[in-house]
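So the chains spell out like this:
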Amino acid sequence: MRTLWEQHVAWTIITIRSLVYGLPDIDAVLPRLLQNAQDMGEALKPFYGAAAGDAYGQLIREHLRRLLSNFRRCSDL
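Here is a short report on the structure shown in this document. (Residues numbered from 1 in each chain as written. Predicted model: local features only at pLDDT ≥ 70, side-chain atom pairs only at ≥ 80, totals over all residues. Heavy atoms only, no water.)

### Here we look at the pattern of salt bridges
Right, so step 1: Summed over all chains, the structure comprises three salt bridges.
Right, so step 2: Its salt-bridge partner being E42, residue K45 comes within 2.9 Å of it at the nearest N-O pair. Linking K45 with E42, this pair stays in helix α2 (residues 26-48), spanning three residues, or about one helical turn.
Right, so step 3: R66 serves as the salt-bridge partner of E62, at 3.0 Å between the closest nitrogen and oxygen. Residue E62 and its partner R66 are located together in helix α3 (residues 50-75), separated by four residues, close to a single helical turn.
Right, so step 4: Assessed through its relative accessible area of 56%, R66 is described here as exposed.
Right, so step 5: What you see here is one network of salt bridges that share partners, running through E42, K45 and D54. (Salt bridge = Lys/Arg side-chain N within 4 Å of Asp/Glu carboxyl O. Helix = DSSP H or I, 4+ residues; strand = E, 2+ residues; numbered from the N terminus. Buried < 20%, exposed > 50% of the residue type's maximum accessible area, 1.4 Å probe, protein only.)

So, in structure tokens, the structure goes:
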């Protein structure tokens, strides 16, 4: 799980940088960031069950969608 959180931080930073600076790699990094959220949910399933893992993955994805939406609005200013 620690590795997944490290990847979450890294992909979040890369995605924000791509959004803020309008880099052409956004179509590659954004899906990878969202995949990490799904991977985090999958990692929890053996310990807490499928429902909890799915809910956690969805919670992280929603968190990222809101964060990225705010960055997009700020970069348009």
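### What about the nonpolar core?
Right, so step 1: The biggest cluster of nonpolar side chains holds 12 residues, and these are L4, I16, L19, I26, V29, L30, L33, A37, M40, I60, L64 and L68.
Right, so step 2: When contributions to this core are tallied by element, the ones reaching two or more residues are α1 (2-21), α2 and α3.
Right, so step 3: By residue number, the principal contributor to this core is α2, which donates six residues. (Core = buried A, V, L, I, M, F, W, Y, C linked by side-chain atoms within 4.5 Å.)

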